[in-house]
Amino acid sequence: MVGEKDMNESVVTLGDQLDRPQVMMFSNDNDTNQTTNPSEINQSKKPKKNPKNKTNKHEPFKFKFYRFFAKLIGEATFAKNAIYSEQNRYERQPYLNKFKTKLASKDEMTKSKDIQMGYGTAILDLEDANFDQLYFMTLWSAGESSSEIINRAAGKAYSYQLENSDNQQQFQLGYLTAVYQFVVAISGPKGDGLSGIIFDINNQLNNLTKNDQIDLTNAWFKQTENYMQGRTPNKFLKSSDVLKTNEDNRRIFTNVRSSLDNGFLSKYLVPSLQQPLMKNITYHGVDYTNRINSEVAKFIQLEDMTLSRSIEHFANNMIPKVINAIGEAGLYHFVYNDLYQFDRNMLGMPITTSTDYDEVFTSVNNNIEELFDRICIPSKINQAAKRLPILDLSHARDSKHEEVHWDYRRKFSFILDKNNNVIFDDMSNPMPVYYGALDLTYRLLFKKMLTPILAEFTMERNRLLSEIKAGNYQTKRDALAPKLDGEDVTVADIANQAARFDIDQVVGLVTKGHDDYQAGVFANSFSEFEHLMQTDPRLKRIRGTNYKKVSKTTRYVYYWLYQSSVADQLPNDQLVKLDNRGEVANGNNPKVVEDLLQEIRHDHVSANVSSDPLITKASLSDILTGQIKQTMKLTAANVENITNIADMVSNLSTDHQTMLADFNTAKADLNQQIKLAKQAAEEAQLLLDSVQPYVNQAVEQDILPVTKTTEILKEKSNRYLQTANGIFYTLVNKI
C-alpha cells in the first residue's frame, strides 16, 4: 500500500545528486518551456476585473472575427478550430520518469526561511487542491514554468505569501518542492520500490481476474438498480421530486449522495483480493513539514497541517468521490441507454463474428478502446460527467431550509469559480477539468466492467446472425425487451436479451432483401442500399428517426441482413464483411475526407456572401485553409509524439530482458497507432489538396462541412495519441 512505503531516499535526497522523477508530456502542440519570474506570477494571480467572464468589448479583432463565424454556423465548433483552444494546448498525458530537477533538499529547507515559507504555503494550498490543479502541478513539476501553468497549479495562498517573502526565488523553490512531492505521491509511477496512489489503483484494476470483473459489475449494477428501479438516469432530480412523500425519488437522491461519500468501490471486497479497490491509505512518504521552524509556521498560520495530511485527504476523499460517482452512474447509464433502451449502434459494436466465448472475450478485451468509440463511451472523466444528469443534486431539497447540494455533474466537468459558476476561456468555451492520470483509472475501470457485458452481447448477436445465415431466422419473433429487475438477473442476462431484442427489430431486412432480389430491384452496392434505407417508407421503423446518426458499422450489419438470404448468389467482392476491426468506426477509412467533401458545393454560380462587412471572399478562403493547416500541424505533431513514445519503449526494453514479450506486444501496438496517426495526417493533406482548387469560390455554407472534417481528423489523431499513452502506462505498471 502506498501509505506504507518510504519515499524519502528515492524521491528527494540530501545532496541533489540522485536522479529524480521527471514528468514527460506527449502533447499535441509544440509549446516551448519557459521560466517565469515569480513576481510575474504574483501579478497574474491578483484578482481581475470582469468577474462574470463576459466578453471583453475591446477584444482582438481576430476573436470577433472567429466568434462571428461560430455564430454563423450555429455552434462553437469553428471557434474551437480557429485558434489553438484550451483543449489543444493542454491535451496531454503526463508521465513521471527519471530526471534531475531543482528541488530543495532537507538541508536547504533547514537553512532558508523563504524555502520553508514556500513549502508551508504549498501545504496550505494543497489542503484544498483539486484535480485540475493536480494536472497543472504535474506540468509545473516537469519544468513547464509559464505564468499560465503556475497560475493554474498554485493555490490561493501562493500569491499573497509570495509578496511577503524576502527571496521570491527561494519561496518558489520551497513551494515547488512540496508540489512535486505531492504529485509523486498521488500519481507517481511504479519504480524504485514506490508508486503513486493512482498507479496502485490501476495496478489492482489490471490484475482483476475475469471472474472478479463479472462479480464486481453484477454487484455494482444490482446495488444501483435496487434504488433506481428502472428509472431514467438522464434527468436530474427536481425539488418537487424529492419530497418526503415521494419515497422513490427520495431513495434515489439519498443513494446518489451516498455514492459520493461512501461509494461502492470503497466498500466492495474484490473476491481475489479480499479488500476494496479504494481503500484508505496512511501516507508515510517524504514530508519536510517538520523542517519548518515555529516562527515561519506561525507567520503563515500553518497550525497542525502537514504535507502528509494533504496527501491523505486527496487520496481518501477526492479520488474515491470521483471514481465511485462516475463509475456508479456511468455503469447504470450504459446499461439503461445502450441495453435496456433500443440502441441501434450496439448492433455494429462487435468486431468479430465468432461464436466461441473465449475468442470473443479476448477480442473484446484487446480492442476495447475501438469498441468504446463505436458506442460512444467517453474517454475522459469530464466527458463522462457531462452525460450524467443524475449527478446534479443542486435542485433536490426537501424544504427551503435544507442545504443546497452540489451539481456534481458540472463540478466534475468544468472549472468553477468561488461562486460555483463555470469559468470560460478567451473563446467563450467552458474550461474543462483535466484529470491527467486519473483518466486512465476511469478507462481501466470501465474496461473491466464492460468487457464481460460487451462479450455477452457479441456472443448472442453472432449466434443469431449464424441462424439468419443458415436460413432459420427470417421473420420477426417478437422478442421481449430486456428487463432490469429480478432477483437473479445479471448484467450478462440483460446484454443477452438486448442482443435478441435488437436483432429482432431489424430482421425484416432479410425478407426485404429476398423480395427485392426476386423483383430485380436489389441494391447491388452499399451506396444503393443507403439510398434505399433513407427513401423507402416501408423501412421507416427500421431506420429510425435519424438514419444519419446510425453508425456505419451498424449500417453494414443492416446491409449484411439485406444480403443474407441471397448471399450465395452474389459475387464475393459484393458481400459486406462484418469482421471489420478498425475500418470505418475507428476512423481508419481513407474515404472519410472524400465522403465529407461531397457535401461541399463546388459549382457556386454566385457567391452569396453575407452583407456583414467582416466577411469577404478572401476571409472565407483564409478561414477554410487556416483550419485545415492547423489540423495538419496537430496531426503531424501527434505522429511525432507517438513515435517518441515508441522510441522510449524500445529504450526501456533493453533494461528489462525478462519482459521481452510484453515489450514486443507494446511495440507492435504502438506501431499500429503510428500507422493510424500517419493516415490521419495524410487525410489532412488530402483535404487541403482537395479544397485548394475551388477555395476562392467558397461560400459560407462550405464552412460547416470543412469544420466537420477537421473535427473528425483531430479527434482521430488525438485518440491515437491517447491510446499510445495508455499502452505506455500499462507497460510501465508491469515493470
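Keep in mind it's a predicted model, so treat the numbers as computed, not measured. (Residues numbered from 1 in each chain as written. Predicted model: local features only at pLDDT ≥ 70, side-chain atom pairs only at ≥ 80, totals over all residues. Heavy atoms only, no water.)

### Concerning the packing of aromatic side chains
On inspection of all chains with the given rule, the structure shows 29 aromatic pairs. Plain terms: the ring middles of Phe-131 and Phe-314 are 5.0 Å apart, the flat faces sit at 65 degrees to each other, and that makes the pair edge-to-face. Of this pair, Phe-131 sits in helix H8 (residues 131–141) while Phe-314 sits in helix H16 (residues 307–340), and the two are 183 residues apart along the sequence. Residue class for Phe-131 comes out buried when judged on its relative accessible area of 5%. Owing to a relative accessible area of 1%, Phe-314 belongs among the buried residues under this scheme. When the ring of Tyr-442 is compared with that of Phe-446, the centres are 4.9 Å apart and the planes differ by 50 degrees; the resulting orientation is tilted. Highlighted residues: Tyr-442 and Phe-446, both in helix H21 (residues 437–469), separated by four residues, approximately one helical turn. (Phe/Tyr/Trp six-rings, centres within 6.5 Å; stacked < 30°, edge-to-face > 60°. Helix = DSSP H or I, 4+ residues; strand = E, 2+ residues; numbered from the N terminus. Buried < 20%, exposed > 50% of the residue type's maximum accessible area, 1.4 Å probe, protein only.)

### As for unusual backbone geometry
With glycine set apart, most residues show a phi of negative sign, and most peptide bonds adopt trans. The phi dihedral of Asn-420 is positive, around 65 degrees, even though this residue is not glycine. Structurally, Asn-420 can be placed in the loop between helix H20 (408–411) and H21. Of the residues examined, Asn-420 reaches a relative accessible area of 29% and is grouped as partly exposed.

### A closer look at the packing of helix H12 (residues 197–206) against H16
Interaxial distance between H12 and H16 falls to 11 Å at its minimum, and their mutual angle equals 40 degrees. Taken as axis vectors, H12 and H16 run oblique relative to one another. On H16, the residues touching Ile-197, Ile-198 and Ile-201 of H12 are Ile-311, Ala-315 and Ile-319. Of the residues assigned to the contact of H12 with H16, the class counts are six nonpolar, no polar and no charged. (Axes fitted to C-alpha atoms, helices over the stretch in contact; angles between N-to-C directions. Parallel < 35°, antiparallel > 145°, perpendicular 65-115°, else oblique. Contact = heavy atoms within 4.5 Å. Nonpolar A, V, L, I, M, F, W, Y, C, P; charged D, E, K, R; others polar.)

### Remarks on the environment of Phe-414
Here Phe-414 lies in the loop between H20 and H21. On the accessibility criterion, Phe-414 (18% relative accessible area) is buried. Sequence separation between Phe-414 and Pro-432 is 18 residues, and the spatial gap between their C-alpha atoms is 4.2 Å. Dropping the residues within four chain positions of it, Phe-414 is found in contact with Lys-386, Val-422, Pro-430, Met-431, Pro-432 and Val-433.

### Examining the side chain of Asn-382
With respect to the helices and strands, the residue Asn-382 is situated in helix H19 (residues 381–386). Overall, Asn-382 belongs to the buried group, its relative accessible area being 7%. Setting aside its immediate chain neighbours within four residues, Asn-382 contacts Phe-412, Ser-413, Pro-432, Val-433 and Tyr-435.

### A word on the nonpolar core
Generally speaking, soluble globular proteins have nonpolar side chains that are buried together. Core analysis: the biggest nonpolar cluster contains 131 residues, and Ile-319, Ile-326 and Leu-454 have the highest contact counts within it. Contact partners of Ile-326, with chain neighbours within four places excluded, come to Leu-331, Ile-381, Ala-384, Ala-385, Leu-388, Leu-391, Phe-412, Tyr-442 and Phe-446. Among the nonpolar cores identified, the runner-up in size contains 31 residues, and Leu-347, Leu-464, Phe-522 and Tyr-556 belong to it. (Core = buried A, V, L, I, M, F, W, Y, C linked by side-chain atoms within 4.5 Å.)

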